[in-house]
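Here are the chains, one letter per residue:
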Amino acid sequence: MTPRIGEKRNVSVLLLFMPSKWGEVEKFCQPLGILTLGAILKNAGIWVQVIDLSAEGWSKKQLIKKMCNHNFTHVGITLLTPTRKIGYEIFKTCKILNPDITTIAGGPHVTFVKEDIFKESGDIDIAVSGEAELEIVEIIMNPTKRFYDLGYVKDIDNLPIPDRTFVRHIKYNKMSGISIGDSASMKWIRGCQWRKCTFCSRSEITMAHRRRSPEKIIEEIDILQNKMKYKNLIVVDDSLRINCEYTKRILKLKIDKKLDIPFWALARADHIDEEGAALLKEANCVGILLGIESIVPRIIDRYKKTNEPPEQWHNIIEKSFKILNKHNIISIGSLIIGGPDETKEEILETVEFCKNSNLDVAEAFPFQFIIGSKLWSEAISENKISSSQYYSYNDRSFGTTSFTTQELFKMAKYAEKRINSPLLNPGRILRLFKKLVKNRQWRMLIYNLIKLPLVLKSVFFNHPYELIPEDLHG
Ligand code: B12
Ligand code: SF4
């Protein structure tokens, strides 16, 4: 490998995002963390390559071949808790191939477990907790310690935009089971403003709510639409506040600058107002993903999902669906199945509510105790689970539910089938296609019509989650 002119010699960095399983292909979202670090290293004249193994679908052999063909001096990996073991396997392989390679672990899992990461893998040279943009060059060129606890970047406006040229050959094209065309992912904010949901760990990782300036966001959208020629955007912010002036300003600028690239975003139901929804539509928003979780007041209270009386949550949800429906914006709702002490009747109440509502697509997930969340800490302090169960599906054996994990998976599948099935709920699929027609999303419409037999097959014949039983409670 020959360094390009101006590049620092003798340093070549490989940054990797893990697959959930070797060979599995997931094409929802670009790995924005390492793409941003890649941009910074490139700007500093350091040779760097970024590979999204989760979207490439490579086998371990392919990765080894890549590493043998290039003399990487540093290999850095984003470790997520559920996929951390594949990361450790790669670090081990690096050391077998060449013990001089510096292995660097970063990402959410390190942010949670901090220096304990060295107990989990003996093949990590340097570990970095928190956001690494301001220090990454020093960590590569002039490391002074084994563990860096960096916290968060206060001013995210001056960071470079993620270098998507590393992944431009991949067509990220999935949004909650809907096939969408060639998409770029982007962030407008970091950290959620609400930060209170007891099942969620995001606030622990992102540490604080920060916003980029609307002008910088618009500059990036311009590049994505006009230079990089993406066909869609997915805004992967934890939760975009649609009813606030900040978001409305971004939407107005997008409209004024005629940046009509369609986009999707994640938001909270209680943050959607009429004016915001109308602007979303005008700015060419196709769909919004909302965390519904449950509609049962007792459960919503336990999850601390809203500031309003929990008895109002179903009204808030219903109202947000109606507003989105009025503006022909697709609503995707996520449900949690089988939270602590949740009964079958309570689960079914939520499912029936969603089936009879204006929700267009439902995603249902069995409840998990997740490291960094309040319910995880609570379950540990009550001796229900052990502190090494970082990502553990709820199970009867913990005394926190009357269901086994397998039963919760079955109920999650039932929920998706009951709400999404074109046969059990034909009105929903007609509404969905009508919205795609009204949005003039012809390409998306064709993709999804072609895919319909597969969707039907998956609803009736396959289990949606491919599980490795020993990983259910790790
Ligand atoms: C977009 C997103 C995705 C996308 C893209 C993945 C990604 N992380 O880039 C997709 C859809 C693929 C995805 C999938 C999953 N995700 Co996700 N995802 C997110 C989300 C919403 C935003 C991530 C992001 O873009 N952040 C912005 C960038 C700038 O931050 P960052 O990626 O953390 O990177 C910074 C630092 O972590 C650090 N860093 C990162 N990597 C490295 C590497 C090195 C070497 C160094 C030094 C530093 C470093 O520096 C970066 C720049 O500051 C986060 C929530 C959140 N707010 O973080 C969840 C989150 C990361 N996901 C999570 C999970 C669990 C998953 C899944 C396992 C879900 C599932 N059950 O299938 C899968 C895993 C897939 C896989 N193959 O591993 C969890 C991880 C929790 C944990 N304990 O690890 C999070 C935190 C959400 C949550 N539930 O709390 N996810
Ligand atoms: S679930 Fe969403 S709204 Fe609740 S704290 Fe987490 S990111 Fe914020």
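Remember, it's a predicted structure, so these values are computed and weren't measured experimentally.

This next bit is on the sheet that holds strand 16 (residues 361-366). Taking strand neighbours across the sheet as the criterion, the six strands line up as 9-12-13-14-15-16 in an open arrangement whose pairing is parallel. The sheet terminates laterally at strand 9 (183-186) and strand 16, the two strands that pair on one side only. Taking the axes of each pair of neighbouring strands and ignoring which way they run, one obtains an average angle of 20° across the sheet.

Here Arg396 lies in the loop between strand 18 (391-393) and helix 16 (405-420). Spatially, the C-alpha atoms of Arg396 and Ile323 are 39 Å apart, while their sequence positions differ by 73 residues. Those residues within four positions of Arg396 in sequence are excluded, and the remaining contacts are Thr401, Ser402, Phe403 and Thr404.

Attention now moves to unusual backbone geometry. You will see that Lys229, though not glycine, has its phi angle at about 60°, which is positive. Among the secondary structure elements, Lys229 is positioned in the loop between helix 9 (214-227) and strand 12 (232-240). The exposed category is assigned to Lys229, around which 11 C-beta atoms lie within 10 Å. The backbone of Asp341 sits at a positive phi, close to 65°, despite the residue not being glycine. In this structure, Asp341 sits in the loop between strand 15 (330-337) and helix 14 (344-355). On the neighbour-count criterion, Asp341 (14 C-beta atoms within 10 Å) is partly exposed.

Before going further, it helps to examine the site of ligand 1. The environment of ligand 1 is made up of 39 residues, and the closest members are Gly33, Gly76, Thr78, Gly106 and Glu131. Listed by contribution, the elements that provide at least two residues to the shell around ligand 1 are helix 1 (32-43), strand 3 (74-78), strand 4 (102-106), helix 5 (108-113), helix 8 (202-206) and strand 12. No other element matches the five residues that helix 1 contributes to the shell around ligand 1. Grouping the constituent residues of the shell around ligand 1 by class yields 20 nonpolar, 13 polar and six charged. Residues from two domains meet in the shell around ligand 1; each of domain 1 (12-156) and domain 2 (171-471) gives at least three.

This part covers the nonpolar core. Within the largest apolar cluster, 85 residues are counted, with the highest numbers of intra-cluster contacts made by Leu233, Val235, Ile337 and Ala415. If you look at the next biggest cluster of nonpolar residues, it comprises 45 residues, including Ala39, Val110, Ile140 and Tyr172.

Moving on to the domain arrangement of the chain. By a widespread convention, an interface's size corresponds to the accessible area lost as its parts come together. The domain architecture assigned to the chain consists of domain 1 (12-156) and domain 2 (171-471). Computed over C-alpha atoms only, the centres of domain 1 and domain 2 are separated by 28 Å. Across the contact, 15 residues belong to domain 1 and 22 residues belong to domain 2. Top element by residues in the side of domain 1 that touches domain 2 is helix 5. It accounts for three residues. For the side of domain 1 that touches domain 2, the per-class residue count stands at nine nonpolar, four polar and two charged.

Conventions and cut-offs
Residues numbered from 1 in each chain as written. Chains lettered and ligands numbered in written order. Predicted model: local features only at pLDDT ≥ 70, side-chain atom pairs only at ≥ 80, totals over all residues. Pairing = 2+ DSSP bridges. Helix = DSSP H or I, 4+ residues; strand = E, 2+ residues; numbered from the N terminus. Axes fitted to C-alpha atoms, helices over the stretch in contact; angles between N-to-C directions. Contact = placed C-beta atoms within 7 Å. Buried ≥ 20, exposed ≤ 12 C-beta atoms within 10 Å, placed from the backbone. Near = placed C-beta within 6 Å. Nonpolar A, V, L, I, M, F, W, Y, C, P; charged D, E, K, R; others polar. Domains from an automatic or database assignment. Core = buried A, V, L, I, M, F, W, Y, C linked by C-beta atoms within 7 Å.

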